[in-house]
Each structure stands twice: as C-alpha cells, then as structure tokens.
Amino acid sequence: MAKKNNDLNELIVLVMQVAGGILFSVFLLNSYLTFKRYSERYALKSADMRVCDSGNPFRYITVAIGWSVLLIFSVIAFLGSVKGIHLSFQYAAVFICSCAGLIASLAGMFVVSMRIATTQIGVLVFKTKGTIVIPADPHNNTLEDNIFRLKALKDLCSMEELPVSEISKVTRQGGTKVFIHGSFGARCVAWRDKQKRDECISALEMACGRRLSSMDMGQ
C-alpha cells in the first residue's frame, strides 16, 4: 500500500511538473503574440518616440506567482476530490471550489501575460498623427463597468490611444506613477523607477510642445 501511495505521489508530481512547463510556455507565447499584435496595430517602429522599460514586467512577478500558487492548490484539491466526489457532500464542495480556483487562476495568468506585453510596449508618441498610445488604465472605469462588464480585465489586456491636443497637464504620484489629465479624464501609467517616469513626462511635453508637469516635490 505504501509503495502504491509513493508511486501515485510521484506520478502527481510528474504530471504537475509537465503541466507547469506547458502553462509557462503558453504564458510566454501569449505575451509574445500580444506584443506582436499591438506592435503591428500601432506601427511600433514608426513611432516618433517610445518610452519603455525592459524590466517593467518584473512588477507583475508577485501577481503571477500568486496565481500559480492558487493553480497548484486547485489542481491538488481537484485530484483529491475526484477520487471521493461520489462519497460525500464535502468532496463535492471541494470539487466545485477547486474547479472555480482552476478557472480563476488560468484566467488570471492569461490576463497577466497580456498585461506584461502591453507594459513592455510602453508609451508611444506619434507627432504626425497627434496621438499617444499607452497601456489602458482600468482605474478609469466605474464599479459597474469593472464588475458587470468586466472592463477592467479588458483594459489590462489592451492599449489606448489618446489625442495629444486634449492633454492639459501631467502630475506625479507615488514616486513612479504618471497621471495624464485632459478632456478624456485621467490616465495612469506606472513605471519601475523615477528615471523612466521622468522620461515619459519629457516625451509627453515634447509631443505637446509645452510644459505639462509641476515641480517634483520629493515624490
């Protein structure tokens, strides 16, 4: 009996390792395809200015790890509940919860992989078109939009184009965040450090042809 349990445990570990490798490959492939799709849509190479940070995706490592941990526990619970789902209501409840965890973790990893791609594209400035392109900001939505229309998930996976002529000012907050204000409302673009934040502000000011930001008072 002990030998059978050991063999089963080894098999589960092997299956999870293989599944983890496949999921990671899909994660990277989805990021690449998303980056390529938006690069072609917005003609990345023809942008007059581009502000990006190759290390920006590292901001999402913690989130990706969290979804991965949830996925692992969900798989373990799922496999454990399948064997006894016909025995009691408790197993059935674990089965339902594990399925929900699997769906949530896979969806979360899918969204994170796309967000990494859009932040890797960064901020694009097109002087001739009079527009800028930024990673979409889900904080701009109403509660109804984010919950019932799932617009937050859509924004985390997409880019947004804004007219330069409608930008009125730029503010800083939280040390590395840039807030772009205009008739369209406010949009936030987050960076890893102040250097990239200031580079972004400089590009926006060059695109608008005027000073947009106030003095940095230690933020």
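Refer to the structure presented above.
Predicted, not measured: the structure shown is a model, and the values here were computed from it.

Draft legend 1. Looking closely at a nonpolar patch on the surface. Nonpolar side chains collect at one region of the surface, where Phe58, Ile61, Ile65, Val69, Ile72, Phe73 and Ile76 lie side by side and expose about 670 Å² of accessible area between them. Relative to the elements of secondary structure, isoleucine 72 occurs in helix α2 (residues 61–84). Residue isoleucine 72 is classed as partly exposed on the basis of its relative accessible area of 42%.

Draft legend 2. Quick look at the packing of aromatic side chains. A complete count under the given rule lists one aromatic pair for this structure. Aromatic side chains tyrosine 38 and tyrosine 42 sit 6.2 Å apart centroid to centroid with 15° between the ring planes, which places their arrangement in the stacked category. According to the relative accessible area criterion, tyrosine 38 is buried, its value standing at 5%. Owing to a relative accessible area of 10%, tyrosine 42 belongs among the buried residues under this scheme. A cation sits over an aromatic face here: arginine 37 above tyrosine 38, 4.7 Å from the ring centre. Stacked on the ring of phenylalanine 126, the Lys or Arg lysine 129 has its end atom at 4.9 Å from the ring centre.

Draft legend 3. Up close: the sheet that holds strand β3 (residues 131–135). Pairing in this open sheet of four strands is antiparallel, and the strands run β1-β2-β3-β4 from one edge to the other. Since the sheet does not close on itself, it has two edges, and those belong to β1 (49–51) and β4 (159–163), each with one partner. Sheet twist, expressed as the mean angle between neighbouring strand axes with direction ignored, is 15°. When strand β2 (residues 123–126) meets β3, the two strands line up antiparallel, connected through three bridges.

Draft legend 4. Main features of the nonpolar core. Core analysis: the biggest nonpolar cluster contains 21 residues, and Ile132, Val178, Ile180 and Leu204 have the highest contact counts within it. When residues of this core are traced back to their parent elements, those giving at least two are β1, β2, β3, β5 (167–173), β6 (177–182) and α6 (194–208). When residues of this core are assigned to their parent elements, the largest contribution, five residues, is made by α6. Aside from chain neighbours lying at most four places away, what touches isoleucine 132 is Leu124, Val125, Glu160, Glu161, Leu162, Val164, Ile167, Ile180 and Leu204. Listed in part, the nine residues of the second largest apolar core include Ile121, Phe126, Val133 and Met159.

Draft legend 5. Representation of the sheet that holds β5 within the structure. Across the sheet, three strands lie side by side as β5-β6-β7; this open sheet has antiparallel pairing. Bordering the open sheet on either side are β5 and β7 (185–190), each of which pairs with just one other strand. Taking the axes of each pair of neighbouring strands and ignoring which way they run, one obtains an average angle of 20° across the sheet. Taken together, the six bridges between β6 and β7 define a ladder with antiparallel strand orientation. Looking across to β7, one finds that isoleucine 180 is bridged to arginine 187.

Draft legend 6. Geometry of the layout of surface pockets. Space inside the largest pocket adds up to approximately 400 Å³. What lines the largest pocket is a set of 19 residues, among which Arg115, Asp137, His139, Cys188 and Ala190 lie closest to the centre. Contributions of two or more residues to the lining of the largest pocket are made by α3 (89–121), β6 and β7. For the lining of the largest pocket, the element with the highest residue contribution is β7, accounting for four residues. Of the residues in the lining of the largest pocket, the class split is 10 nonpolar, five polar and four charged.

Quick notes on the rules
- Residues numbered from 1 in each chain as written.
- Predicted model: local features only at pLDDT ≥ 70, side-chain atom pairs only at ≥ 80, totals over all residues.
- Heavy atoms only, no water.
- Patch = residues over 30% accessible without salt bridge, like charges linked within 9 Å, V, L, I, M, F, W, Y side chains within 5 Å.
- Areas by Shrake-Rupley, 256 points an atom, 1.4 Å probe, with all protein chains shown as cover.
- Salt bridge = Lys/Arg side-chain N within 4 Å of Asp/Glu carboxyl O.
- Helix = DSSP H or I, 4+ residues; strand = E, 2+ residues; numbered from the N terminus.
- Buried < 20%, exposed > 50% of the residue type's maximum accessible area, 1.4 Å probe, protein only.
- Phe/Tyr/Trp six-rings, centres within 6.5 Å; stacked < 30°, edge-to-face > 60°.
- Lys NZ or Arg CZ within 6 Å of the ring centre and 35° of its normal.
- Pairing = 2+ DSSP bridges.
- Axes fitted to C-alpha atoms, helices over the stretch in contact; angles between N-to-C directions.
- Core = buried A, V, L, I, M, F, W, Y, C linked by side-chain atoms within 4.5 Å.
- Contact = heavy atoms within 4.5 Å.
- 1 Å grid on protein atoms, 1.4 Å probe; cavity = no way out; pocket = protein on both sides within 12 Å on 5 of 7 lines; lining within 4 Å.
- Points joined across faces, edges and corners; volume = space filled by probe spheres on them.
- Nonpolar A, V, L, I, M, F, W, Y, C, P; charged D, E, K, R; others polar.

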